[in-house]
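Report on the structure
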Amino acid sequence: MARTGFGSVAERLIETAPRIPVRDLATLRRQFPGLGPEDIADRLIAAAVKGTMTVGAGVGAVAMLPTPPTMPAELATETLGVAAIEYKLIAELHEVYGLRSAGNARERATAYLWSWTEQRGIDVLRLSTVNVALGTSMKRQMRQRLLRRTVRHAPSLTPFMIGAAVGATLNRRETRRLAERVRHDLRELQKPWAEKEPPPPPPVGGTPELPPPPGFSGPTGSPPDTEGPTGTTGPTGAS
């Protein structure tokens, strides 16, 4: 793939990143009740590794065809897919360790893409780190990382292709290495959680219970008694 192709992939990743759904800390704690930061981080890393392995296995299987005419496109798709999975992992690891980047969705996405490019956690307490993330040099560094990542998979374009198993293994190793490097930085800067777990989200589409109409009481809605005891309402007359 030409260098201009990597520039196109980098542009697509920058454009797509703000729209990638990232779970915040409250959501993650609800989805993993009773687990602490390290346990949730383990779950996130395992899921991301599984995802990138699946992508790598698919491209490796295509590479085993006798004549894979679409390999440049397949390789670009794999590179973008893996980067998106790893981006989501990095963003959620920052959430788990209480180090959510400041700013709106696009600014956070830029910061997390810098974290992916540099394979480092973001120190949200140091503005210089975020300023670096927002610098114009990030695109060039991202293209270089995409190039290095894809060159490692170049054997899949040669005769006697590496196949699905090796493609999955390469992605598993790369994703786990990235996760552990970022995680190491985040552990050093970790901020404690609030002790109380967030409440579950309110039900969607439920109909609130209406109060009983005036003049009715009790759970059955029966009208209140308006008469006295049965029988005569006054003393019986003497003859």
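One structure accompanies this document, and this report is about it. (Residues numbered from 1 in each chain as written. Predicted model: local features only at pLDDT ≥ 70, side-chain atom pairs only at ≥ 80, totals over all residues. Heavy atoms only, no water.)

As for the nonpolar core
Selection rule: By convention a nonpolar core is built from buried Ala, Val, Leu, Ile, Met, Phe, Trp, Tyr and Cys residues, the set being connected through side-chain atoms within 4.5 Å. Only protein chains enter the accessibility calculation, which uses a 1.4 Å probe. A residue is then buried if its area is under 20% of the maximum for its type, exposed if over 50%, and partly exposed in between. A run of H or I in DSSP becomes a helix once it reaches four residues, and a run of E becomes a strand once it reaches two; helices and strands are each numbered from the N terminus. Here a residue-residue contact requires only that any non-hydrogen atoms of the pair lie within 4.5 Å.
Ranked by size, the top nonpolar core spans 41 residues in total, and within it Leu-44, Leu-113, Trp-116 and Met-142 carry the most contacts. When residues of this core are assigned to their parent elements, the largest contribution, 9 residues, is made by helix H4 (residues 71-96). Setting aside its immediate chain neighbours within four residues, Leu-44 contacts Arg-23, Leu-28, Phe-32, Leu-89, Glu-92, Leu-93 and Val-96.

Overview of the environment of Gln-31
Tracing the backbone shows Gln-31 in helix H2 (residues 25-31). Spatially, the C-alpha atom of Gln-31 lies 9.7 Å from that of Pro-200, the residues being 169 residues apart in sequence.

Here's the deal with the pattern of salt bridges
Rule in force here: In what follows, salt bridge is the name for a side-chain nitrogen of Lys or Arg lying within 4 Å of a carboxyl oxygen of Asp or Glu.
For the coordinates displayed, the defined rule picks out 8 salt bridges. Two residues, Glu-38 and Arg-183, come together in a salt bridge whose shortest N-O distance is 2.8 Å. In this pair, Glu-38 is assigned in helix H3 (residues 37-63) and Arg-183 in helix H8 (residues 163-189), connecting sequence segments 145 residues apart. Using a relative accessible area of 28% as the deciding quantity, one classes Glu-38 as partly exposed. A salt bridge links Arg-177 to Glu-174, with the shortest nitrogen-to-oxygen separation between them at 3.4 Å. In this pair, Arg-177 and Glu-174 are both assigned in helix H8, 3 residues apart and thus about one turn of the helix distant. On the basis of relative accessible area, Arg-177 is assigned to the partly exposed category, the value being 34%. A relative accessible area of 8% places Glu-174 in the buried class. If you follow the salt bridges from partner to partner, you end up with Glu-38, Asp-42, Glu-180, Arg-183 and Arg-187 in one network.

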